[in-house]
Each structure stands twice: as structure tokens, then as C-alpha cells.
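Architecture and fold: a report
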Amino acid sequence: MKKILHNNLTQKDCVWLSNTFKVMRIILLLLTLGLSNIYATVHSQSLNIDLALKNVTIKQAFENIENQTNYKFLFRSDLINVDKSVNLENTGTTTINELLSKLFRDTNIKYDVINNNLIVLSPLQQQRVRGTVKDANTGVTIPGVTVLIQGTTKGVTTGADGKYSVDIPNANTVLVFSFVGYLPEKVSVAGKSVIDVQLNPDIKTLDEVVVVGYGTQKKSDLTGSVTSVPQSRLKELPVTNVLQALQGSVSGVSVVQTSTVPGSLSNVIIRGVNSISASSNPLYVIDGVPLMSGSMNDINPNDISSIEVLKDPSSVAIYGTRGSNGVILISTKRGTDGKPVIKYSAYAGPESMVNIFKPMSPQEYVRKYVTAMKQNNLTITDSVPTASEKANYAAGKTVDWLKEVSRPGFIQDHNLSISGGTKDVKYFVSGDILSQKGVLKGYQYRRISFRANIDANVTNWMTVGTSLFFVDNNSDGGHVNLMQATQMSPYGTEYDALGNYFMIPMTNQTLYPNPLLGLNTSVTRQTKNISGNFYVEIKPDFIKGLKYKLNAGYTFNPTYNSSYAGRSANNLIGSATISNTQNYNWILENILTYDKTLGKHQINVTGLYSAQENKTLSNGLNANTFINDQLTLNNMGAGAVQTVSSGFTRNALISQMGRVNYSYASKYLLTLTARRDGYSAFGSATLKYATFPSVALGWNVSNEKFMKQFSFLDNLKLRGSYGKSGNQAIQPYQTLSTQSTVQYVYNGTSATGVVASQLGNSGLTWETTAGINLGIDYMVLGGRISGTVEWYNTKTSDLLLRRNLPNISGFANIMDNIGKTQNTGIEISLKTVNFQTKDFSWETNLNFTANTNKVTSLYGDNKDDLGNKWFIGKPLQAVYDYQLIGIWQQSDAALMATMDPGAKVGDMRFKDTDDNKIINDKDRVYLGSSLPKWIGGITNTFKYKDFRLNIFIQTVQGVLKGNPAINFADQSLVINLPESVGYWTSTNMSNTSQSLRTGGNSRGYGYPSDASYSRIKDVTLSYTFPQSILDKLKIGGLSMYLSGRNLYTFTKWKGWDPENTFTFGYTDNFNNYPNVANYVFGINLTLR
Amino acid sequence: MKKLIIYFSGILIASTLFLGCNKSFLNEELKSTYAPQNTLKDSLGFDAAITGLIFRFRQQWTGEPQGLICVMNVGTDLAISVQPQGVEVPYTNYAALNSQDQGASVYWNWAYTVVNNANFIINAIHDPSNQVGMTATYRNSIEGEARFYRAWAYNFLSILYGGVPLIDKPITAPKTDFVRATPTDVINFIITDLLFATTNCRDIDYISNVIKREGRVCKSAAQQLLAEVYIRAGKSDLAEAQCKNIINSGFFQLTTTRYGVNSTKPGDPFSDMFITGNQRRRQGNKEAIWVLEQEYNVPGGAIFQPGNTTPSDQHRRVWVARYVDITGVDLSDSLGGRGLARMRLSNWALYGLYKPNDMRNSRFNIRRNFWYSSGPKVGQKVVPNPADTLYKLCPYTTKWNNYVAADAFGYADYKDIIMMRLGETYLLMAEAQFNQNHLTDAAATLNTLRARSNATPILPTDVTLDFILDERARELMAEENRRMTLVRTGKLVDRTLTLNSSYQGQGAGIKPYNMLMPIPQSEIDLNKNATLTQNPNY
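Residues numbered from 1 in each chain as written. Chains lettered and ligands numbered in written order. Predicted model: local features only at pLDDT ≥ 70, side-chain atom pairs only at ≥ 80, totals over all residues. Heavy atoms only, no water.

**Re the overall build of chain B**
Counting secondary structure elements, chain B contains 19 helices and 6 strands. Relative to a compact globule of 538 residues, whose C-alpha radius of gyration would be 24 Å, chain B shows 26 Å and is just as compact. When its C-alpha atoms are laid out on the principal axes, chain B stretches across 105 × 60 × 50 Å. Every one of the 538 residues in chain B was classed for burial, and the buried ones make up 63%. Residue pairs in contact within chain B that sit at least 24 positions apart in sequence constitute 70% of those at least 6 positions apart. (Helix = DSSP H or I, 4+ residues; strand = E, 2+ residues; numbered from the N terminus. Rg over C-alpha atoms; globule rule 2.2 N^0.38 Å. Buried < 20%, exposed > 50% of the residue type's maximum accessible area, 1.4 Å probe, protein only. Contact = heavy atoms within 4.5 Å.)

**Thoughts on helix 3 (residues 43-62) of chain B**
Across its 20 residues, helix 3 of chain B extends 28 Å between first and last C-alpha, which sits within 8% of the 28 Å expected from 1.5 Å per residue. When you tally the buried positions in helix 3 of chain B, you get 17 out of 20 residues, the bulk of the element. (Expected span 1.5 Å × (residues − 1).)

**What to know about the nonpolar core**
Ranked by internal contacts, the top residues of the largest apolar core, which has 138 residues, are B:F57, B:F148, B:W152, B:Y154, B:Y161 and B:W290. Those residues within four positions of B:F57 in sequence are excluded, and the remaining contacts are B:W110, B:V114, B:Y149, B:W152, B:W290, B:L292 and B:M419. Among the nonpolar cores identified, the runner-up in size contains 73 residues, and A:A485, A:M488, A:Y983 and B:I326 belong to it. (Core = buried A, V, L, I, M, F, W, Y, C linked by side-chain atoms within 4.5 Å.)

**Comments concerning the packing of helix 3 of chain B against helix 5 (residues 102-125) of chain B**
Residue and element names in this part refer to chain B. In the contact formed by helix 3 and helix 5, the axes pass within 9 Å of each other and the chain directions differ by 170°. Classed by the angle they form, the pair helix 3 and helix 5 counts as roughly antiparallel. Facing F46, A49, I50, L53, R56, F57, Q59 and Q60 of helix 3, the residues of helix 5 in contact are Y107, W110, T113, V114, N117, A118, I121, A124 and I125. Broken down by class, the residue content of the contact of helix 3 with helix 5 amounts to 12 nonpolar, 4 polar and 1 charged. (Axes fitted to C-alpha atoms, helices over the stretch in contact; angles between N-to-C directions. Parallel < 35°, antiparallel > 145°, perpendicular 65-115°, else oblique. Nonpolar A, V, L, I, M, F, W, Y, C, P; charged D, E, K, R; others polar.)

**Considering the sheet that holds strand 13 (residues 185-188) of chain A**
Residues and elements named next belong to chain A. Here 4 strands make up an open sheet; going across it, the order is 10-9-12-13 and the pairing antiparallel. Two strands close off the open sheet at either side, each with one partner strand: strand 10 (155-157) and strand 13. Taking the axes of each pair of neighbouring strands and ignoring which way they run, one obtains an average angle of 20° across the sheet. In the sheet, strand 12 (residues 174-178) pairs with strand 13 via 4 bridges, with the strands oriented antiparallel. Looking at strand 13, one finds that V176 is bridged to K186. (Pairing = 2+ DSSP bridges.)

**Focus: the interface of chain A and chain B**
At the interface, 98 residues of chain A touch 103 residues of chain B. Overall, the association of chain A and chain B removes approximately 8,500 Å² of surface from exposure, summing both partners, and the carbon and sulfur fraction of that is 60%. By the criterion of area lost to chain B, the three top residues of chain A are A:Y744, A:Y746 and A:I808, representing 10% of everything that side buries. Remark: the boundary between chain A and chain B carries 1 salt bridge. With a closest N to O distance of 3.8 Å, B:D525 and A:R924 form a salt bridge. Of the residues assigned to the side of chain A that touches chain B, the class counts are 44 nonpolar, 40 polar and 14 charged. (Buried area = accessible area lost by both parts, 1.4 Å probe. Salt bridge = Lys/Arg side-chain N within 4 Å of Asp/Glu carboxyl O.)

**Structural notes on the confidence of the model for chain B**
For chain B, the average pLDDT comes to 92, and 94% of its residues sit at 70 or higher. Confidence estimates for the predicted assembly give a pTM of 0.78 and an ipTM of 0.93. (pLDDT = per-residue confidence, 0-100.)

**Thoughts on unusual backbone geometry**
What you tend to see is this: most non-glycine residues have negative phi, and most peptide bonds are trans. With a phi angle near 45°, A:M989 is a residue other than glycine that sits in the positive phi range. You can see A:M989 is positioned in the loop between strand 51 (960-962) and strand 52 (1008-1010). By relative accessible area, A:M989 is classed as partly exposed at 43%. Positive phi, normally seen in glycine, also occurs at B:N437, with a value near 65°. Summarising the element assignment, B:N437 is placed in the loop between helix 14 (422-435) and helix 15 (439-452). For B:N437, a relative accessible area of 58% translates into the label exposed.

**Digging into the packing of aromatic side chains**
Evaluated as defined, the whole model comprises 53 aromatic pairs over all chains. A centroid spacing of 5.4 Å and a plane angle of 70° characterise the contact between A:Y744 and A:Y746, whose relative ring orientation is edge-to-face. Note on B:Y513 and B:Y538: the rings are 5.1 Å apart at their centroids and 80° apart in plane angle, and the pair reads as edge-to-face. Taken together, the residues span a long stretch of sequence, with B:Y513 in the loop between helix 18 (492-499) and helix 19 (521-526) and B:Y538 in the segment after helix 19 at a distance of 25 residues. A relative accessible area of 23% places B:Y513 in the partly exposed class. Ring-pair connections join several aromatic residues into one group, and the members of that group are B:F57, B:W61, B:Y107, B:W110, B:F148, B:Y149, B:W152, B:F156 and B:W290. (Phe/Tyr/Trp six-rings, centres within 6.5 Å; stacked < 30°, edge-to-face > 60°.)

**Things to note about the environment of A:G323**
All names here are of chain A. Position of G323 relative to the elements: it lies in the loop between helix 6 (313-317) and strand 23 (327-332). You can call G323 buried: its relative accessible area is 0%. Note: C-alpha distance between G323 and L310 (13 residues apart in sequence) is 9.0 Å. Those residues in contact with G323 that lie beyond four places of it in its chain are V316, S725 and G726.

Structure, rendered in C-alpha cells:
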């Protein structure tokens, strides 16, 4: 509008000017208004002029022109430098405008021809435009908006008050205003000096394209449940694999990190556990290729561009026998055309133990020992049990074993990537090194990875590309034993006189050697993954919309583990072991797609034919009895006793899949899919093939005309789907009865024997999950509130179950297709912009998942399976046990003698649930499940100017787990115990902890405890340097952050961590590791 | 170019389609695992299956948990529990013995695993397609051996649990409707198996000299087991006959002179039998009828596995005193390696059982005294603190002494396990004769055995069942499963209460129903299509 007004005014001015000839007034006017638009009105006319001037001053040129024509020049000599030299060629017939434009081409002089013969000169000023940027809906100013001069890389950003001012090169300049979450706005300067802009929120994220199985789809066209992982979870977090970042951030996805050992992986369960014995892990698909070997450690989080989680039966149905546990699609970064972008990202920082489960202090240890002796009716001769402790006790010498086995940890990651390309060839290459020094001595993880993703348009109808990566995972190192460190007597002896580790700290309690001895072993744990995916995509020009893609993937995944323990590690003969596993996996996929739009009808058809094969070869070498420890692993032939092993497994899969997507006017959406899979591990006596169909419908309600009246509603979509998918995740060869080999000796010489090892089930088939999903996607108030609510109900039948058999059979169990489970759940994700001002904004992302799992049928006879702890109508992972109601006290001894005659005062008192006045196995009841009732995550993001603060809290509720940490009594005479557990004595008469009597848990009570927790999982404070500063430094982008992880845990659990699985027992368990908190400083630098 | 690429793609598509059409692509073939249908085909396969069966059988003593051996000895007349590992606790405090008992469950599972492996062999050898290249004599000897192990397992089960489900064929599909057979049916089933075994098993000379695999079961072993089962069946005359068959076979003789690795060192003939390296027939032991072999650090013997106490024999751990806890008494060969004294012989066994001069009570057979081997008092006799006599310096049988310097910790036991010897044959024969009221014969039989140990002869009027059980303790302590003997003879409750219930009330709570172990609750729970009746009071 302003523009039109301005033009009118100019017209008037011109008219007015043309009628007036007053030089002084004109100059005045020109100087005040600026000369910008006036030249447009000059009528060009031809003139003949002969100018051939080399290295003349402008002044000389003026004189020449004035001599040959009737034009006169008018200017202020203080503003116009007429001494500058110019070059003019021979011109001949020309117009005055052409002539003048040549003359002033390289000057800052602006000219105007007035009244056909007066040439007015003025200095060409660099113009300045200023203004304020506001949100179109709220009117709130927006800081940090990029204001760019179109066609250049020059620009500024709005300040804290939303204001900007920018120098423009000429009046034709177009300014581009852009800001994340808003639609970019282009404004032509057109002579204005003040340009206020209102930006509209970009609620068209619905046009975002998301990756789905075998292709991509517009988010608005989705019919299934496909959740994208927020981008904020993919960066600025010190995680060693992406699953750790996923935890709590996506509804419907439960990530449990059972061990925090550097380099360890998490368990992922999508929408509850369907299966009992077969794997519950989702299918991972990396750049379109299903991952059949390797682990998520092999995918460098820095290389990931997006992650989508497919959850409902229809979206996963196209993965057939591998879909029922959900599918996680990971796309890695690829090149884009343009100048190369070089990115360096790094973080580093310390790690420390959290949730420390402290052993008893020296004083408490002695008190405990004396009490235990008394409670076991043993005569106390000393305050501590063993000889070496006595000396230390007398000398008051103690060892803090937890301190001795631990150290400050450190984590660092460095990543360098270069991407770029031309229109036809694009590349993304990256290299990364991650190193984590564990908080326990000897633990470490180091990963080196490289990736090269290349796409090339060979012709206009053919594209080829590769995704190649190499990963070297290394967890080498002998390590300390945490469990034993907590069990060591504080009066134990750590070092001998020579400063070496003392073998048996509590001599002669030889069962408990020094927990640091592992540091004297040499251990390697190495896994590499070499993967190459290649594709050819052909779009024949004779059928528009048709596309054929051939995907070929190959993975080589070798693992090398070895260890040597010799005399210095309390192994008096020296033992060496090496094991190699080589996994080969290939896949070939033919994908045909066809897209067609006919008016409002849009159709997309996908077809697939694929084959996949996976082979594993393994071998192992063992040797012992070496002359000395010099050679360690390097000459196993030197061991007097040598044994070897090897193995081979193979599985193969053939699949066909078809899918039709149809949409009408972007309002009504339909997806039909069917997949047929044949799997080698099934059907030695039945069919090997299974077919999995699905249907899904969607309705974009907000696209209907009648919805236009509800202007607050930006988007409303209803979705529903039904589908079937399968689970084949069992080991191969389960259909066959097998024998394992054993060895025996005759006259001292080895002989090989065979023993029955597996009862095969020739009728094995895949388990099937069928179910329904209903969902609503909504967005209101200009994107201030958006989210999704989904409800699902899936039923899994023909469970692949390692079903326990009566041992009378001679076999403990058999793999079978029995039983049914059901998962019903609700998932809510909500994103709100709570607060937004010019400097400050606050955004909340919340997700909530409640899943109810239950076994609906077992053997078809409506009976529970007590032996396996499967109960009809109850969740899996049931806790079925006695109900602890207290401790038998002396005052109840008479009652105890009749109710629980085997018990002693100080033992656990259980509830007589069947009220028959006697405690027996009938009193066990269902107490709960280790599967959480609900999980959730909440992310709050605060932005202030260039600072961003991200706080992520994760919660897991309603978990009941057996707690082995409390079950100590049988070793209480010998070892140290956890400080916080406590025990009964005749004087303190605890009503929660039992006495230290050996055998005091004759019923095998599992100490079920509440393992629910909430965790401040991570907090990240980052600062992004303003572009204006970076431009001066010629840097494309720079941000720095501080990030802390596992900052605090709220839980009632007694133990190292409610989430971790901690194994008790005196043998070494690699996975026993404390939870760690880390604090890192990170930097992301982009060069252009 | 374009044509070439289309052509190339066509080949790729065709190749994947071809893979799909190739039926064998989805077939499964066992390439690194044996299966019954390919091993139980010829003599090598059947020999391997017998070897596997012995391996499974030996696991009664080489599996977890460590305290399992104690279950067979504590809560009887023989031993008390002093350093319980855990599993044996309900057998000292019988009121706590319930259907979820770990020991009852482990033993049950073990026995049925043996039955299953035997059934595979018995079933396969009857299939004519598996009989190529094997003589009938060979086949019958294999079947006899397998039936022997099956009989042993059912005898074990029926003594400990009463009537149990009888399985005589390999299970090929899940089965959950097992029912208990009557004790009589089980005993008759065992007798049928053993009659086959006594007819068809080879004699020990053939096994030693022709097969050269001494650990294999010989005819005499089957006869000895049959003798015990005949006694159970009330057919003591037949039992006596089986014992006589063994004694008269001429293959075996009581050890009356020194022999073997330590024969020139201090000792006596009885102790020679229990020195590591003296158990096997070819090592000079002519009394042994059946020996389970072990060997230090040989695959199949007992591999030295630091940090891993299983699977390995734990006899030494549970029997040998924990003398290493005494400063100045060091780990040594003569003291028998590292023991934990999970149990200690009862005062009755230590102080009331033997008369003077009984060789079986010599210092070589029961260690009662200790000497300092280091420190200021080196060479002096240890005067124990009374509290230390409970497990640190308690007297113990030396039958399980075993020491290998390289495995000072003693992860495993590397000594052979004597399963049957002629000494026991005399005891069974005496029992059979006593049952027939042939007291003179019984006294003569017992005196033959006692003479070897310089024990004074007894008179026919001295022979009672209790005397025979005393004599079994004197001769077989820590060798036999004492609990089984007492249950078999019906004397468990009586003898436990009278002879061994004074220490901390251990065993004092035993009730007549404790003669039988509980049927494992998990078996009852899993057997959902039929009722597996629990033994009374559990």
C-alpha cells in the first residue's frame, strides 16, 4: 500500500517539477527527497555524439558533452568529485541515458535529467533502512530475526527489542526476513527507510516430509503413527549412542539402560512387550536398509539427520515378520548443493558416580560381623573374621574400597564433517572419535567412525548413491570388580609389601580376591562394522511418476575378544582365551514406486521384492598352564592345555510388499499395505511364509470448508488404522532337536560325548501382532499449542515362547507358539509455547505414555502358569511372591511356631494371604510387574537473546522389581554389606530387615521393591554467537554449550540405580557399574 | 548407455527373483550342532552318547550348588552343618523343608536328565535303521549300560521321593500330564532294566582290556545295584545271590595290602584307596567296581577355571576342614587342600562309631590333629581354641583330600569318585542275609569286611539293622549318600533323633514325613494337565 502511495506522490512531484523551473528549488527538493525515483520519468531520446575519451576527468567529459549537445550539468562541487578520471569509448548514436550510465558506471554519482536538457548530479548515498519485526499473531517483537539482503550473504539480525537497521546498496534491494518457526517474508525496500514487518508463524510444518518405511511422506498425509524424534535430542548431548538420547523423549518408546558401562547399549521397547521369549527389540532401519547385524553403537549420533519411530500396526506392517516390535528409521546426513560446509563439533567433560550404594563403614562392619556370628550361634573369638583383618583392625588401618576402584571419568567426542556438492553430485563425509574413560578403573570405550554418503545424478533419469560407514568399537581393558569392592572388608589389605595388589585382602577368605586384580589382566573387546549400501534409482521418462530403486547392502561385522590372566591376577597357571565372531549380512531390495495426481486424486503405489541373508561364523581358542606370563595372548600354543571351539549359524529372509497411498483433496487419506515374508528359521513342518495386511484412514478435518470459521484451529486430523505384523526374532534352528557335545575322561584321556540339549519344535511359526490405532493431531492458536493423542490396542498371538516344561521331560523348556498377550495404551504428546516476548521465550514439550500389558491366554485352558510366573489377566514380568508384612519378633514366637515353624525370630514374616494359619507356597500372590505403568518426559526450553536453556526430565513409574541387593544374609559372616539396608537384632527389632542368620531366606523371597524413578536427565545451556559477529570473523556459525546428564534421581530404590540391572554374586560381572553423571562443555563450529 | 543400465538392472531384478525361487534358500541345515538322528546311527555315535550319559551322571557331584553334597549327609546321623552354603539349611531345620526346596529340585532335575539321555539311546538302538554294522552283543551292551543309568536314576528318585512318573521314551513334544507311578511299579521297572543290564553289560576285564574305557559300567556294577533294589523289593534272597555273583566273579578283592602312588609313605591299605591317583583299576585298585573319573586340567576331566567353581566336584570343599583360617596352619597336600568344612562329622561318628584299632579310624583316614607349618610355633602341635574345633580345626575324613599346587584356591576337585566297591557288596550282602534272618551268614559277611580293617569279629547275635548301618558308616562315610541309605532302610528319623540331634537342634525337628523329599513345587505347577501329587505334609 505504501508503495502505491509513494508512486502516486512521485507522479505528482514529476508533474509539478516539469511545470516548474527553479533550479534552487529543485536541488533543495532533490536533496531532501533523494533522487531515487525521478529518473524513471525521463523520456529518452536519441542523440548523436562522438566521444572517445581516454583517461579524462569527469569535468572534461562534461565539457565535451555540453559542447556537442544542449545538455547542461548541474551539481554541487563540494559533493561531486569531478576530478575522477573516466574512460569513454567511441559512442556514436546513443541516448543520453546510455551515455550517462556509462560515464557514471564506476562512480558514486547519481544523475537525473530534468526538463530534457538539465542534468542534475547528486552523490549516490548508501541508504539505511530500519524497522521492527513482530509476530503477526501476538504483536510481540521477535529478537534474532535474520534480515538478509536478497542475493547476497550480507545481513543483520534483529536486536533484543526486535529492531534492526541495515545498509542497502540500492533502492531496488529486497530484504528477506527469516526466523525459525516463522514463514520467511520478502520486502522490497522501494525507497522506504522504515520497514516494519510482521512474521507469520510457520504452521505449515505439516508440509514437512517424514521418512516412512520404503519411502517418504508428507506429514499431513500420514495415516499411521509415525513420531519424529525432536531435533534437540540429536545434538548437544554427551551420549555415546542415540538410544540414550531417545530415552523419555518420544511417547510410546521405553528405553531402559540396564548398564551404564561405557559403550553399553539400551533396551528399547515400543508400545509394550508383545513377546515373551522372542526379542522385544524394535527393527532398526538405517538409510532404508534393515539392520541385521551390528548395534546402535555403530551409528554415530553426529551423523544422524532424523529419526522416525513407527509404532502402529499399519506403519509397521510393511516390515512384516520383523515389524511387530516397532520400527526405528534412522536417516543419516547427506550433502546438499552449494558451497562446502565444514562443521566441527566437540564436547568434553568429567564424569562421576551417582546414586552411590555405600557399603558399611569400618565400625558398622565390625558390629555386623559380631551380630552375624551371634545370630548364627557361632562363638565370637575376634571382632573381624580373618587373620589379615585382625592385624589391620589392631592397627586401625582401613581401606575405602569404593574409592580405590573408582576414579574421575572423562568423556570427549570430536566430529568433523564436510558436505556440499553440485546440482548433480552431492556428498557428506564425516569422521568422529569418541572416547570415554570410565569412573571405575579399567573401564573405557573408544569409537572411531567414518561415513561417506554420496548421491549422483548420472543422467536426468538415473541417480546412484552410497552410504558407507566404518566403525571401530573398542572396550579393551581389564577392569576392577565393583561388586567385590563393595563386599571387601574395610580392614582388608590392598597392597603387599612390594606395592603390588595383595591377592586375598581378607586372608584366607580366598573366595573374595582383590577387586583390583582385574587391572592386571590384559583384555580386548573389539567390534567393527563395515557397511556399504548402494542404490540405483531410475525414473524412466516414458512413464511419468514411475520410479525403480535397487538397494543393495552389505555388512561385515567382526568381533574380537580376548583375555589373559596370569599370576599377578591370582591365576597361578595363566589362562588365555581368544574368541572371534564374524557376521556377514547382505540384502537386496527392488522397490518400484508410482506417483500419479489426477485432479484432486493423488495416488502412490509402492512394491518391494527383497532377499536377505545373515551368516555368523565363530571360533574360540582357550589355553592355560603357561611357563610364565611373558607371552600373554601372543603364543597360545605355549599353553599346556588347549581347547578350541567354533560355530556357524545362518538365517535368510525373502519378502514381497505392496502399498497403496491414496488421498483426495488432501482431506481423505487411505493407506493399504500387505507384506509377505518367508523366514528360514520357521516351518520345518509348516509354511515358511506369512502375510501381513493393514489398512489406515486419515481425515484432515481442518481442510474442510466448514472448518474455516474456527480460525483458532490451525490443524485437526483424525487417523485410524488396523494391521498385522509379525515377530520372527528367535535364534535359528529352534525347530530341530539337537545334541550338544561334552567331554569326559577315560583313563585320564578326553573323549567326546553327546547329550540331548534342545527339544526342537517343528511346528514353530512367527508370532502375530494385530491391532488398532486411533489418533488425533491438532494445532491451535497459531501453533502455540500442538500435539497428538493416540490410543492403541494390540493383541499378539502365537507367542514364540520358551516355555518351561516339567523337568520330568528331561528338558527344561521348549520354544513354542503359545499364548496371547495384549497391550493397550494411550500416548499423549504436547508442545506449547508458554511465553514469548521479544527477548525471552519458553517452550514445553511433554510426552506421556501409559501402557497396560497383559497375558490374555496361555495354553487355551484359562490356567495360570505358576512355574513361569505368567498369569492370565496380569502383565508379563510379573512379580509373584510372598507379601512381607514384617519381621518375626520374640513377642510373636508362639504364633510363629504354628504359622511358620521353620522360621526363627528375626526372620521375615509373610502374610498368610489364604488365611489358613500356615505360611506356605499358597501364600504367594501377584504383587506387580517390572513393566512400568507409565513413562513420560518433559522438556522445557527457555530462550533469552542468544542463550538457550534446555531442561529434560524423564520419569518411569509403577515398576516392581526383585532387589537382590537386599538378599545378603548367606554371606554376611564373610563380606561387607550395604549401609542402607540394615538388619534385625534382638535389641533394635527392625520390622523391615531380617536378621543375619544364614539360610534365613529359605523360601527364596525375591525382595520385590519399587523401582520407579524420575530423573533430571539432562540440562543444556547453549549460546549461539550472533551472525553479525560471525560475519566479521568469516565464520558460518558458532555455538557453545554446557550440558549435564543424569543430574539427579528421585527414587525409593535401594541399590546402585533403579534402572540398571545389577548382578550380585562373587563372580565378576562386567555390567556391574554405577550410574554416572557427566558435565561437558561443547562447541559447534561451521565454516562456509 | 541407457539401454545398458536398464539391461543391468534387469539382471539384478532377475537375480533376486531367482533367489526367491530357489527353495533351498530358506532351508535350515544344522552345520555346527549334532542331532540324535545323525549321531545315534553307528557304534561311534552310540559310544559318544554313552560318554555323554556318564558326563550327565557325574553332574550330580559337579553341579551347583556347592552345599548339595551336604544335603545327603546333614540332618542324618552322620554330619552336622557348620558352614552352610544355603541349600542344606532346610535339612538341618526340617520344619523349613518345603515344596520350594532348592536341593529337592536340583536332584529331581538331575535324575530326569539322566533318564532322558538314557531313553534316547534305548529308543534309538531299537530302531532297525540304526543297527547297521553293529552286532547284537554290542547293541545289547550299549542298551544294558543305558538301562543301568536309567535304573540308577529311578532308584535314586524312588528312594528320595517315593513313586515318581516313569518315562521310558524320549519326549518329542511338550507334555504336562505326568502322573506318579506307585513305588512298586517303579521298583519293578528298575528291576526289569537291571536284569537286562546284568545280562548284557560286559564284565570289567572286557571293559578294561578290550574297550579300554574303565569308567564304563560293568556287569558287576549292575549286579550290585540290582542287589540293593532287590532288598528294597523285599527279595533279599535274590539280592544275596547278586552279591555272591560279584564276590565269586573273581574280578575284585578287598584291599588288604598297600598299593599305588603313596604305598611307601605312611598309610594303610584303606587310606591307599583314597589317595589321588589310586582309584582306578589300572592304578592298582582291585576293590573298585565302578569309578567316575576326573583329571586335573584335562578337557572332560576337570578344567581349571579360575573364578569359576562350576562345573566341578565340590567334595573336598564340603568335607575338609577350614584350617586355612588358622594363622600358621598353611594350605598343604597332607592336609588335603583348601576346604570349607561346610559340614562336620557328628560327635557320634567321631567319638562313638569306631572301636580302637579300626583301620578306618586311623590318623590316615580321619584327620584329628594339626601342627603349625609356619610362624613362631612351627612344628608344634596346634592346641585348638574350642570354638575352632567346629569347622576350622574339626576332625574330618580324608577320603576327599585333594591338592593341586597350581590351583591352591581349589576351584575344582580332581580326584576320581568311587561309585561302587567290593566293600559295599559285603555290606549289602550282610543286609540281605539279615533280612532273611541268616544271622550267622550276615556276621560272617560283616567279619570278612571288618577283618580288612582289623576290627574285632562280631557274633551273629550282634547283627542288627542298626549294626549294619553303623558298619556302613564306618566303611562308607562320605562315599555313600547317607541320607539315601537311611531312607531306604527306614531308619532316617530314628537314627537322626537318637544319634545326631544335640547340636543346636539340628535334625531335632525331623518328622516321619521328612523321609521323603518334597516333589518340586515348580514341577507340580508346570504339570498343569494332571496332578502330580505332593508328598504328605509339604
